[in-house]
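What the coordinates show
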Amino acid sequence: GRILPVLEVKNLRTFYFTEKGVLKAVDGINLSLEKGEVLGLAGESGCGKSTIMLSIINLVPSPGRIVGGEVLFDGKNLVKKSDKEMMKIRWKRISLVFQEAMGAFDPLYTIGDQILEAINYHQKISKEESIKRVGNLLEMVGIDGTRGKDYPYEFSGGMLQRALIAMALACNPDV
């Protein structure tokens with residue numbers, strides 16, 4: 001039989017409600033992703049790629065709202081989940097690598113502490129194991145593992161992007 005998709009987006013519609021009117025950023029997108037499959041979204045700036053991804057993890061910023069469609073993950077509609085329920089899924093089951101890495105990190109905390117936060121929230125491992133995991137993740141993306149003690153401003157844009165990839169991989173997500 002056919003393999004069921006891990007992630008299926010059906011007729012997704014996400015609009016931004018502004019003073020100038022309604023911006024239909026995503027209007028009827030369909031996609032599916034099966035286990036082991038790689039899916040790339042390409043398009044010009046402002047075409048809705050980021051809004052699609054933010055909709056999938058149910059994190060669309062105001063004044064945006066998902067107004068229709070479904071995001072099925074393991075057969076469950078993420079659009080209907082509460083923020084508390086989604087917190088259990090984000091980073092652990094579904095990760096997102098944001099385009100603007102500088103804005104993705106809090107400048108007041110070290111890169112390592114921010115990656116540790118994702119690990120510690122979702123995995124029950126010792127402090128020593130989680131610190132070692134951060135170093136290994138950074139090494140995996142081509143950054144010296146001792147750089148976890150550094151702050152975002154001490155990284156180049158490319159290094160921040162790689163650190164964000166390390167963070168996205170921290171909990172071995174399905175998507």
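Residues numbered from 1 in each chain as written. Predicted model: local features only at pLDDT ≥ 70, side-chain atom pairs only at ≥ 80, totals over all residues. Heavy atoms only, no water.

**Quick look at the overall build of the chain**
Heads up, the rule is: Counting from the N terminus, the helices are DSSP H or I runs at least four residues long and the strands are E runs at least two residues long. Every radius of gyration here is taken over C-alpha atoms, with the globule rule written as 2.2 Å times N^0.38, N being the number of residues. In this scheme, a residue with accessible area under 20% of its type's maximum is buried, one over 50% is exposed, and one in between is partly exposed, where area comes from a 1.4 Å probe on protein chains only. Any pair of residues with heavy atoms lying within 4.5 Å of one another is described as a contacting pair. Shrake-Rupley sampling with a 1.4 Å probe provides the accessible areas, and residues are treated as covered by the protein chains on show and by no other component. Charge counting treats Lys and Arg as positive and Asp and Glu as negative, with His and both chain ends excluded. For this purpose, a charge sits on NZ of Lys, CZ of Arg, CG of Asp or CD of Glu.
A count of helices and strands for the chain gives six helices and four strands. Start at the N end of the chain and walk to the C end: the helices and strands fall as β-β-α-β-β-α-α-α-α-α. In summary, the chain has a C-alpha radius of gyration of 17 Å against a globular reference of 16 Å for 175 residues, a match within 12%. For the chain, the spread of C-alpha atoms along the principal axes amounts to about 45 × 45 × 30 Å. Put simply, the chain has 175 residues, and 39% of those count as buried. A separation of at least 24 residues holds for 61% of the contacts in the chain among residues at least 6 apart in sequence. Of the roughly 10,500 Å² of accessible surface on the chain, 53% is carried by carbon and sulfur atoms. In the chain, 23 side chains carry a positive charge and 21 a negative one; their mean positions are 5 Å apart.

**Remarks on the nonpolar core**
Counted only if it meets this: Put simply, a nonpolar core is a bunch of buried Ala, Val, Leu, Ile, Met, Phe, Trp, Tyr and Cys residues held in one set by side-chain atoms that sit within 4.5 Å of each other.
Membership of the largest hydrophobic core comes to 21 residues, with the highest contact counts inside it found for Ile56, Val71, Phe73 and Leu78. Residues within four places of valine 71 in sequence aside, it is in contact with Leu7, Glu8, Val9, Leu12, Ser55, Ile56, Lys76, Asn77, Leu78 and Val79. Counting 20 residues, the second largest nonpolar core, distinct from the first, contains Leu116, Val141, Leu164 and Met167.

**Considering the environment of isoleucine 29**
Of note, isoleucine 29 is situated in strand β2 (residues 21-33). Taking the relative accessible area as the measure of exposure, isoleucine 29 reaches 28% and is therefore partly exposed. In this structure, the C-alpha to C-alpha distance between isoleucine 29 and arginine 13, residues 16 residues apart in sequence, is 7.0 Å. Sequence-distant contacts of isoleucine 29, that is, excluding residues within four places in its chain, are made with Val9, Lys10, Asn11, Leu12 and Ile52.

Shape is all these values report; function is a separate question.
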